[in-house]
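Spelled out, the chains give:
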Amino acid sequence: MPATRHFLRLTALLALALLACTLSPAARAATVAVGSTPCTFTLDGQITGGEYETLVEFRGEEYSWLAAGFDIDPVLCLNSEGGSLTEGIKVARFVYDQGVQTRIGDGARCYSICAIIFMMGNKHAGPTSIEENRILHVGGDLAFHSPSITIDDGGQYSSDQIKRAYTLGIESILSLVELANSPRVFEAGAMMHPDLIGNLLATPGTELFHLRTIEQALIWDIGLEGLDGPLPQLAVQRQMACETGLLRGFRQPSRIYDGHGGGSVKVMSETVFDLAPLPDTDTDRILWDYDAADGQDTVYGFRYSALPMECRVRINGNRVEVCGYDSNYRITVGDCEDDIFVTLPPYARYHPVSEIKAISTSGLQADALRSARCTLRDTSGAVLRDAPCTQAVDLVDNPDRDTSLHRLYWPGGAPTRVEIAVHQVYEDGPDIYRVDGALAEPYGDDNTCLLIPGRAEILCVTGG
């Protein structure tokens with residue numbers, strides 16, 4: 001095969017493969033059409049080409065969407081597993097430039113370049129916050145991954161051809177980054193948070209990084225629809241609203257508190273799900289005995305030590321408001337002295353690492369909630385039970401010892417109750433573990449298993 005044909009094949013494959021999901025052979029080409037409420041337009045299927053031109057035709061030469069016969073702030077509903085990077089970027093740029101809101105409905109998927117289109121959702125009539133303009137129904141699925149390259153293994157390419165193909169790839173990534181850094185219309189900051197871009201680039205092109213937790217939606221400013229699951233206890237709601245309010249748009253609370261800045265606070269990170277004691281200093285900070293009838297209490301952040309970090313939090317139905325300051329990072333939200341509060345999305349009351357789908361599908365009330373894998377085996381290694389489960393964690397303020405209660409909901413039968421009581425920080429004495437009332441003890445070094453000596457069994461819980 002001539003060298004030119006080798007290069008053309010390489011660059012064509014590169015252009016088509018960058019930011020494209022692995023699609024099934026039966027994946028159909030996308031259709032772009034006028035929709036019905038709440039969708040002004042719909043994009044459904046694999047993005048292959050022509051989608052941009054169809055949207056342009058809808059707008060025509062009119063000076064506004066209203067003049068073109070549509071809503072003044074149209075909504076594009078997305079259901080696509082990805083496709084052409086070149087076409088997708090054109091659509092995403094159109095969505096951004098023309099003030100089109102985006103939505104992923106119940107049961108819809110939006111992967112790869114579709115996810116980038118979704119993140120460009122905005123409207124030009126404001127003022128408005130960005131999460132109001134790009135809405136993900138909790139029954140939908142939003143996922144990202146990094147660019148990928150497909151090269152014919154049977155070809156032989158010169159160094160010059162490889163360099164030119166590499167340049168094409170870099171230019172494609174730059175187009176994506178430029179789009180991500182587009183300024184928000186009515187708020188400070190870019191359309192895509194640097195942390196999201198980092199996760200996108202860290203995910204191989206053969207895999208998907210799914211939006212999973214409450215803090216991801218909050219920090220990346222993705223609106224959630226349909227999240228009406230039970231709430232944590234009120235003290236937890238207050239603490240989470242404060243921590244989230246002061247860090248929103250900056251960093252994920254769980255990353256601050258897992259040793260990457262601000263020290264280790266187990267109750268605020270993924271370690272809240274460990275089968276291990278939570279320090280009583282953690283639980284005492286959250287389960288403070290507030291005494292204010294109007295729900296406008298002062299909340300002290302976990303980083304409050306030598307430098308102040310505190311909030312005032314108002315919760316009234318679905319309305320969540322916060323003001324406060326974090327002297328560690330020199331962040332101020334609202335103005336507490338003048339009673340100026342900032343409104344947060346109602347889901348800011350959930351634990352940062354609680355999983356969105358676990359909240360929306362389980363119907364369980366818990367301080368932290370996730371999908372997990374539960375395994376019960378005997379001490380000889382024989383598996384007695386192994387299944388996906390839901391792990392619900394509650395903080396319990398007992399008079400003698402603070403306790404974390406883990407409820408493990410198997411597909412059938414009664415939930416398994418794991419109680420872990422920590423000794424007081426200034427007192428001697430062992431931590432106490434119980435599984436359905438039977439004494440237990442840690443097993444292994446990763447805080448995922450407990451040995452139940454009286455039953456000769458081992459219980460393990462890992463991320464789902």
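Residues numbered from 1 in each chain as written. Predicted model: local features only at pLDDT ≥ 70, side-chain atom pairs only at ≥ 80, totals over all residues. Heavy atoms only, no water.

**A few points about the sheet that holds strand β9 (residues 223-225)**
Phase 1: Strands sit in the order β1-β2-β3-β4-β6-β9 across an open sheet of six strands; the sheet is mixed. A single partner strand is all that each edge strand has here, and the edge strands are β1 (31-34) and β9. Recorded for the sheet is a direction-independent mean angle of 25° between the axes of neighbouring strands.
Phase 2: In this structure, strand β3 (residues 75-79) lies alongside strand β4 (residues 101-104), joined through three bridges in parallel fashion. The partner of Leu76 across the bridge, within β4, is Thr102.
Phase 3: Strands β1 and β2 (41-44) of the sheet are contacted by helix α2 (residues 51-59), whose axis makes an angle of about 15° with β1. (Pairing = 2+ DSSP bridges. Helix = DSSP H or I, 4+ residues; strand = E, 2+ residues; numbered from the N terminus. Axes fitted to C-alpha atoms, helices over the stretch in contact; angles between N-to-C directions. Contact = heavy atoms within 4.5 Å.)

**A look at the layout of surface pockets**
Phase 1: In this structure, the largest pocket encloses a volume near 500 Å³.
Phase 2: The wall of the largest pocket is formed by 26 residues, among which Ser129, Glu131, Glu187, Asp221 and Arg248 lie closest to the centre.
Phase 3: Put simply, the parts of the chain that give the lining of the largest pocket at least two residues each are β9 and β14 (342-344).
Phase 4: If you tally residues by element for the lining of the largest pocket, the top one is β14, at three residues.
Phase 5: Within the lining of the largest pocket, the residues separate by chemical class into 13 nonpolar, seven polar and six charged. (1 Å grid on protein atoms, 1.4 Å probe; cavity = no way out; pocket = protein on both sides within 12 Å on 5 of 7 lines; lining within 4 Å. Points joined across faces, edges and corners; volume = space filled by probe spheres on them. Nonpolar A, V, L, I, M, F, W, Y, C, P; charged D, E, K, R; others polar.)

**What about helix α8 (residues 234-247)?**
Residues spaced three or four apart along an α-helix face the same direction, because each turn holds 3.6 residues.
Phase 1: In this model α8 runs 20 Å from its N-terminal to its C-terminal C-alpha over 14 residues, within 8% of the 20 Å that 1.5 Å per residue would give.
Phase 2: Burial of α8 is extensive: 13 of the 14 residues sit out of reach of the surface.
Phase 3: Just past α8, the residue Gly249 takes up positive phi, approximately 80°. (Expected span 1.5 Å × (residues − 1). Buried < 20%, exposed > 50% of the residue type's maximum accessible area, 1.4 Å probe, protein only.)

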